[in-house]
Every structure is written in C-alpha cells, then in structure tokens.
Amino acid sequence: MKLLLISLMAVLISAAPACSDTDIADPGARQANDTAVNDTVAASVTAAGGLADPGEGIDPPVRRIVSISPSATEMLWAMDAADLVVAVDSLSSYPDGTPVTDIEAWNPNIEVVAGYEPDMVVMQSNSEIESALMTLGIAVLAQPAPATLDEVYAQIIELGTAIGRETQAAVLAQDMRNQIANLIADAPDGTGITYYHELDDTLYSVTGGTFIGEVYSLFGLRNVADPVDADNPASGYPQLSDEFLLDADPDLIFLADTLCCGQNAETVSKRPGWAQLSAVRNGNVIELDDDVVSRWGPRLVVFVTDIAIALKGIVAGL
C-alpha cells in the first residue's frame, strides 16, 4: 500500500494547476467553465476512428466502459452510468457492487483490459498505456489528477459528455459545488490556524498547490508544508522530516494514512518528540479515511465535511 501511495504521488506531481477555485459559490462562473470544457472535450477523448463530438460522446455511443481509476469509477456511479461499466481496477471497490477485477490501477495488463471488449477505457494519464489501447481501436479518456476543485468539476463534465450522461454530470458537479459552498459558509474561520496533512508514515505530505491543499485553504487553514516546496511549487507532495514538523508545530494534524499504514492519534503520540506538538497535546489529531481523501470524485464532499466538523470542535479550544 505504501508503494501505491508513492506511485499516486508520482502521478499527482505531473498534474499542473490550470485554474483556481477562489469563489466556489459562483454558479455562473462555474457554468462558463463547464461550457468551455464541453467545447474542448473532443481533444481529450481519443478513439482510433476519430475524435468524439462534444455533447454526443463517441460514435458509436459508449456501451462498454472499463474504468482504471477509482475516482472515475465513483463519478460513473454517481452519474447513473453503472450500467455501462463492465470492469474496474482492483482498487475501485466503492461504491458496493462495482465489478472489481485484478486489473492494476497503475500498471494494467493491456490484454486483460482488451478482453473485456470495452468501447472506452477511463484512466489516469499514462501515455504508453493510452497508445497501446488506441492501437487496439479502443477509445481512451485520460484524466490526470486535478490540482484544483475547478479541475475536479471539469473532469466530471468531461466524463459525462464523453459517455452521453451530460445532464447527470452537470447535476452532480453543481450539487457538489453547492454542498461544499454551504459547508464552508457554515464553518468557523480557520484563518491563521496551521495544519499538517500526512499521506503516509514516512511523512509525505501535500502543499496548497494540490486539490487536497486547496480544500484546506477554503477554510483559511495554513499549510506548514508550503515553504518546503517554495522553490518547486509544481511538485506539491514533499517528504517532510521529524525535525521540520517539530519546529513547525502545527495546530492540527490530519492523518490520511489510517488504512494504509495503521496510523492514529495514539501511534502519532508515540513517535519520538511528537508528544510535545501542540496538535498532539491538545487532542487535535484528526483521523481521515485514506480513500475518501485521495479520490477526487463525489466523496470530496465527505472530505470537506470531515474538516468542517473537526474545525468546529477545535477552534474554540485554540
């Protein structure tokens, strides 16, 4: 699992920010952004027989999808496209009922994927695998890890457009925006409060230049890892040290390695020197679900909810 996390970070690092999401409560701006995505979706969906027409999906219409992306799998289910999915990768176990296979998300066997006779494969960007699938005449929708919430919404619209579920995708994206906007509006102001987000127990973290970091920034929280990547802001996933974190002394610690690495408030408190951290002393170590946090589909709302709940219980005591 730890190797998987490092692989995930390598993929995420390759995704550069393309837009910002400083005003998530502005539906008009989001609609304009989604319209632009619809106009350019043909450039993102490649089929051996030609490019897809925006708003119409590929021709002939998609009937058999293989998803090699847990995030895309969750999007597909949320936009009522489960009937089109014939197979998913070994990590796409949510929601219940997905047709999980032993296809590896990061290194899928091309022959196995082709054996499901898909019209389209949805995956994170991997040029070598994309090329191999297209050589076999299989359409590919490659969606690299987003750097912003805008990009998350854009990917939902893009995927829905490609498979003929435009309406469902638009409703899903707007519903996510509205829920997140309401959660932020109701949450206490976290301006000035510092946090550390842990990806695994070797102290890999995220900066504000990632979609995870942007979620925290919506609350006004300040990321202690940001200075580490000051000279390389496109990275976004630095590995910190015990010394750095002891010096930074974050007010909050969010653990996104509870499943992969068995970390919790107790294990953190037993790390050398960590018992003296403000977050540990004050009981402000928040345990998160790794899968929810690492995927940028509909459960992003759950991630935002978890932060909002934690912040409400913490701000009064800081």
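Everything below is about the structure shown above.
First, a word on what this report is: a plain description of the structure on this page. (Residues numbered from 1 in each chain as written. Predicted model: local features only at pLDDT ≥ 70, side-chain atom pairs only at ≥ 80, totals over all residues. Heavy atoms only, no water.)

**Overview of the pairing of strand S4 (residues 85-88)**
Both strand S3 (residues 65-68) and S4 contribute to a ladder of three bridges, which runs parallel. Looking across to S4, one finds that Ser 67 is bridged to Val 88. Following the chain from S3 across helix H3 (residues 70-78) to the adjacent parallel S4, one finds a crossover that is right-handed. (Pairing = 2+ DSSP bridges. Helix = DSSP H or I, 4+ residues; strand = E, 2+ residues; numbered from the N terminus. Right-handed = clockwise from strand over helix to strand, strands pointing away.)

**Here we look at the packing of aromatic side chains**
For the coordinates displayed, the defined rule picks out six aromatic pairs. With 6.3 Å between their ring centres and 75° between their planes, Tyr 195 and Phe 254 make a pair best called edge-to-face. Placement of Tyr 195 in strand S7 (residues 194-198) and of Phe 254 in strand S9 (residues 252-255) is noted, with a sequence separation of 59 residues between them. An angle of 75° between the planes, with centres 5.8 Å apart, marks the rings of Phe 211 and Trp 296 as edge-to-face. Here Trp 296 lies in the loop between helix H12 (290-294) and helix H13 (300-314) and Phe 211 lies in helix H8 (residues 211-217), a separation of 85 residues in the sequence. Across the pair, exposure class does not vary: Phe 211 and Trp 296 are buried alike. Ring-pair connections join several aromatic residues into one group, and the members of that group are Tyr 195, Tyr 216, Phe 254 and Phe 303. Just above the ring of Tyr 153 sits the side chain of Arg 177; from NZ or CZ to the centre is 4.6 Å. One cation-aromatic arrangement involves Arg 299 over Tyr 94; the distance from NZ or CZ to the ring centre is 3.6 Å. (Phe/Tyr/Trp six-rings, centres within 6.5 Å; stacked < 30°, edge-to-face > 60°. Buried < 20%, exposed > 50% of the residue type's maximum accessible area, 1.4 Å probe, protein only. Lys NZ or Arg CZ within 6 Å of the ring centre and 35° of its normal.)

**Notes on H13**
Here H13 spans 21 Å end to end across 15 residues, near enough to the 21 Å set by a 1.5 Å rise per residue. Buried within H13 we find Leu 300, Val 301, Phe 303, Val 304, Ile 307, Ala 308, Ala 310, Leu 311 and Ile 314. (Expected span 1.5 Å × (residues − 1).)

**Comments concerning the state of the cysteines**
Per the counting criterion, the structure on display carries one disulfide. Shown here is the disulfide that connects Cys 260 with Cys 261, its sulfur atoms set 2.5 Å apart. Looking down the S-S bond of the Cys 260 and Cys 261 bridge, the torsion is -85°, so its handedness is left-handed. (Disulfide = S-S within 2.5 Å.)

**Details of the nonpolar core**
Within the largest apolar cluster, 58 residues are counted, with the highest numbers of intra-cluster contacts made by Ile 156, Ile 163, Tyr 216, Leu 221, Phe 254, Leu 300 and Phe 303. It is H13 that provides the largest number of residues to this core, a total of nine residues. Excluding its chain neighbours within four sequence positions, the residues that come into contact with Tyr 216 are Tyr 195, His 197, Leu 221, Phe 254, Leu 288, Phe 303 and Ile 307. Among the nonpolar cores identified, the runner-up in size contains 14 residues, and Tyr 196, Leu 203, Trp 274 and Val 280 belong to it. (Core = buried A, V, L, I, M, F, W, Y, C linked by side-chain atoms within 4.5 Å. Contact = heavy atoms within 4.5 Å.)

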